[in-house]
Amino acid sequence: MSDTIWVEARRRLRSELLDKDYDTWIAPLRAARWSADTLTLEAPSGIARDWLRQHFLPAVERAVSEASGGRATVLLLVNRELSVPARAGALPARRAERATNGAPARYTFDNFVVGEANRVAYGAARAVVAQPGARFNPLFLCGGCGLGKTHLLSAVAAGLAHARPLGTVVCLTAENFVNEMIAALEARRMERFRRKFRGIQTLVVDDIQFLAEKRRSQEEFSHTFNALHESARQIVIASDRAPHDLPGIGEALRFRFASGLLAYVKPPDPALRPALVERKASALGVSLTPEVASYLAEEWCANVRELEGALTRVEAYASLSGRSVDLALVREALGPSPVARRGPTVQRIIGEVCQHYQVARDELSGPRRTARLAVPRHLAMYLCRQHTDVPLARIGAELGGRDHSTVVHALGAIERRLEKDATLREAVSLLRARLGA
Ligand code: ADP
Ligand code: MG
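Note that the coordinates shown come from a computational prediction; the quantities given were computed from them, not determined experimentally. (Residues numbered from 1 in each chain as written. Chains lettered and ligands numbered in written order. Predicted model: local features only at pLDDT ≥ 70, side-chain atom pairs only at ≥ 80, totals over all residues. Heavy atoms only, no water.)

J.: Please explain the packing of aromatic side chains as it appears in this structure.
T.: Working definition: an aromatic ring pair is given by the centre-to-centre distance plus the angle between the planes. This model, assessed by the stated rule, comprises 10 aromatic pairs. Measuring from ring centre to ring centre gives 5.5 Å for phenylalanine 140 and phenylalanine 257, while their planes differ by 35°; the resulting arrangement is tilted. Of the two residues, phenylalanine 140 sits in strand E4 (residues 139-142) while phenylalanine 257 sits in helix H11 (residues 251-257), which places them 117 residues apart along the sequence. Like phenylalanine 140, the residue phenylalanine 257 is buried in the burial classification. For the ring pair phenylalanine 221 and phenylalanine 225, a centre distance of 6.5 Å and an interplane angle of 55° mean the geometry is tilted. With phenylalanine 221 and phenylalanine 225 both in helix H10 (residues 215-230) and four residues apart, this pair spans about one turn of that helix. One aromatic cluster is present, built from ring pairs that chain together Phe140, Phe177, Phe193, Phe197, Phe221, Phe225 and Phe257. (Phe/Tyr/Trp six-rings, centres within 6.5 Å; stacked < 30°, edge-to-face > 60°. Helix = DSSP H or I, 4+ residues; strand = E, 2+ residues; numbered from the N terminus. Buried < 20%, exposed > 50% of the residue type's maximum accessible area, 1.4 Å probe, protein only.)

J.: Teacher, can you tell me more about the site of ligand 1 here?
T.: Close contacts around ligand 1 come from 18 residues, with Gly146, Lys149, Thr150, His151 and Glu308 the closest. Tyrosine 107 is positioned such that a nitrogen or oxygen atom in its side chain is 3.4 Å from an oxygen atom of ligand 1. In the complex, the protein chains occlude 96% of the 560 Å² of accessible area that ligand 1 would expose alone. Taken together, the elements giving at least two residues each to the shell around ligand 1 come down to helix H7 (149-163), helix H12 (272-284) and helix H14 (304-321). For the shell around ligand 1, the per-class residue count stands at seven nonpolar, seven polar and four charged. (Near = heavy atom within 4 Å. Polar contact = N/O pair within 3.5 Å; in protein donor to acceptor, adjacent residues only side chain to side chain. Areas by Shrake-Rupley, 256 points an atom, 1.4 Å probe, with all protein chains shown as cover. Nonpolar A, V, L, I, M, F, W, Y, C, P; charged D, E, K, R; others polar.)

J.: Can you help me understand the sheet that holds strand E2 (residues 38-43) in this one?
T.: Pairing between sheet strands relies on hydrogen bonds along the backbone, with the strands arranged either parallel or antiparallel. Strand order in the open sheet made by the three strands is E1-E2-E3, with mixed pairing throughout. Bordering the open sheet on either side are strand E1 (30-35) and strand E3 (73-78), each of which pairs with just one other strand. Averaged over all pairs of adjacent strands, the angle between their axes in this sheet comes to 25°, without regard to strand direction. Here E2 runs beside E3; their pairing, made up of six bridges, is parallel. Pairing of leucine 41 across the sheet is with leucine 76, part of E3. Along the sheet, helix H3 (residues 46-55) contacts E2 and E3; its crossing angle with E3, the most-contacted strand, is approximately 155°. Each of E1, E2 and E3 touches helix H4 (residues 57-68); the most contacted strand, E3, lies at about 125° to it. (Pairing = 2+ DSSP bridges. Axes fitted to C-alpha atoms, helices over the stretch in contact; angles between N-to-C directions. Contact = heavy atoms within 4.5 Å.)

J.: Would you mind going over the side chain of lysine 280 with me for this structure?
T.: Within the secondary structure, lysine 280 sits in helix H12. Setting aside residues no more than four positions away along its own chain, lysine 280 makes contact with Val304, Leu307, Glu308 and Leu311.

J.: Help me understand the pattern of salt bridges, please; the structure alone is not making it clear to me.
T.: Two side chains bearing opposite charge may form a pair once their charged atoms approach each other closely. Summed over the entire model, instances satisfying the criterion amount to 19 salt bridges. One salt bridge connects glutamate 220 with arginine 216, and the closest N-O pair in it is separated by 3.3 Å. Of this pair, glutamate 220 and arginine 216 both sit in helix H10, separated by four residues, roughly a single helical turn. On the basis of relative accessibility, which here comes to 2%, the residue glutamate 220 falls in the buried class. One salt bridge connects aspartate 421 with arginine 417, and the closest N-O pair in it is separated by 3.4 Å. Judged by relative accessible area, which is 18%, aspartate 421 ranks as buried. Three or more residues are tied together by salt bridges with common partners; here these are Glu8, Arg11, Arg12, Glu66 and Arg106. (Salt bridge = Lys/Arg side-chain N within 4 Å of Asp/Glu carboxyl O.)

J.: How do you make sense of the pairing of E1 when you look at a structure like this?
T.: With five bridges joining them, E1 and E2 adopt antiparallel strand pairing. When the sheet's bridge partners are listed, alanine 31 is paired in E2 with leucine 41. Following E1, the chain reverses through two residues before pairing antiparallel with E2; alanine 36 in that reversal takes a positive phi of roughly 45°.

J.: Mind showing me how you'd approach the sheet that holds strand E7 (residues 234-239) here?
T.: With parallel pairing, the five strands of this open sheet are ordered in space as E5-E6-E7-E4-E8. The two strands at the open ends of the sheet, each matched to only one other strand, are strand E5 (169-173) and strand E8 (261-264). Averaged over all neighbouring strand pairs, the angle between strand axes comes to 15°, with direction disregarded. Across four bridges, strand E6 (residues 202-206) lies against E7 in parallel orientation. Paired with valine 204 across the two strands is valine 236, which belongs to E7. Along the sheet, helix H8 (residues 174-186) makes contact with E5 and E6, crossing E5 at roughly 100°.

J.: In this structure, what is going on with H10? I would like to understand it.
T.: Because an α-helix packs 3.6 residues into every turn, residues spaced three or four apart end up facing the same way. The terminal C-alpha atoms of H10, which comprises 16 residues, lie 22 Å apart, in line with the 22 Å expected from a rise of 1.5 Å per residue. Those residues of H10 lying buried are Ser217, Gln218, Glu220, Phe221, Ser222, Thr224, Phe225 and Leu228. Residues of H10 that are buried make contact with H8, helix H9 (190-198), E6, E7 and H11. In the segment just after H10, alanine 232 is the residue with positive phi, at about 55°. (Expected span 1.5 Å × (residues − 1).)

J.: What should I look at first to understand the nonpolar core in this one?
T.: Looking at soluble globular proteins, one finds that nonpolar side chains tend to be buried together. One finds Leu364, Leu379 and Leu383 to be the most contacted residues of the largest nonpolar core, which totals 29 residues. Mapped onto this core, the elements with two or more residues apiece are helix H17 (346-357), helix H19 (371-387), helix H20 (392-398), helix H21 (404-420) and helix H22 (422-435). With eight residues, the top contributor of residues to this core is H19. (Core = buried A, V, L, I, M, F, W, Y, C linked by side-chain atoms within 4.5 Å.)

J.: Whenever I open this one, the state of the cysteines confuses me. Can you help?
T.: Two cysteines joined by a covalent bond between their sulfur atoms form a disulfide. Within the structure shown, the criterion is met by zero disulfides. Between cysteine 171, a free cysteine, and cysteine 145, which holds the nearest cysteine sulfur, the sulfur-to-sulfur gap is 18 Å. (Disulfide = S-S within 2.5 Å.)

Structural data, given as structure tokens:
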């Protein structure tokens, strides 16, 4: 468990820190224990431990928190046994990880779960590997955080490096491009820098939004882009926004980005969610009851990183407490879900109101206007109004197909009634408590 979290945290640190810092300070560390949101790391010497504390602890804690999916603390201890052998052992492993130009070997097409939300992006990425430079050039992937962009980029880079061992594939973040450029400028080696990038077969650049407001880097990147594009060499880019929506990036470059295929990765759709839960749980060796699987799919799947973090915590909690993974354990391990923290949804409010008044959901959302349904329906409208940002017209549509003015009328009626009806007041506080609102 501690290893799983540390492998992921290290991956993040490697892309964040300078190579020499990573090699000197981070690579020699060993994960010893993970318990109660604390990762114990062992450093080879007191000097290393103190240096890490002074310079890298916040970065390490941030990476560990991201990797474990919740706030984590890092405890640094000294283990002198690590000093020589572990360092020697750490280096070859690192080279092996880098063999495909920085793409982690675990990001492959085979372990990418495909659904409506990412089908086009996935198909385009595969097409690029099959026929680089031919159809979709550049391929520009965009979408929010944790939705699989880096995963697909890495799969493309690894696929191309494997299929065409002779052509160079360079896969890097825009930040690393900028750092390399600055280093080249400082060392007066710009010619070499340009030759390197213009002589490659495929350029894969992650997080292109990092070029925002960096004019010199954009200019340099533009030249590289044009040189490669003109000779039909493949370019693949990922970004957190679409080209037309990238602030701080020059218009000409934005047009270039949009000149090939633009493919969105969207948040997992309802059919993709359970598939992701199943694949990610089995990759971690966790078996889930159907109830737990559907809870995770509904509440912990806004993005895949969130789901992975949740499953990692569930697995740790179960193995530390020696309990089996049921809904009670999952709720305890994870706390309120992001969905619950965002407040109740209209559907949850309707569900709770129906349960309280013992009416069927179809009845409450259906068009029938019987006296028995009036109070529950008005109360559901009232709670939706108070605890969601959903517009009145939609609240009305969900509750019997009423229009905006009918909802306004119902809200007034409930407010007047609340002043004199203690039972109704009680119902409201009970429902609020159940909804966590
Ligand atoms: P992004 O670059 O869009 O922020 P990543 O590619 O880093 O997201 O994905 C975050 C995590 O979620 C990674 O561990 C990745 O393997 C996983 N992931 C995202 N989408 C999928 C998917 N469709 N199938 C399998 N794993 C996925
Ligand atoms: Mg990414």
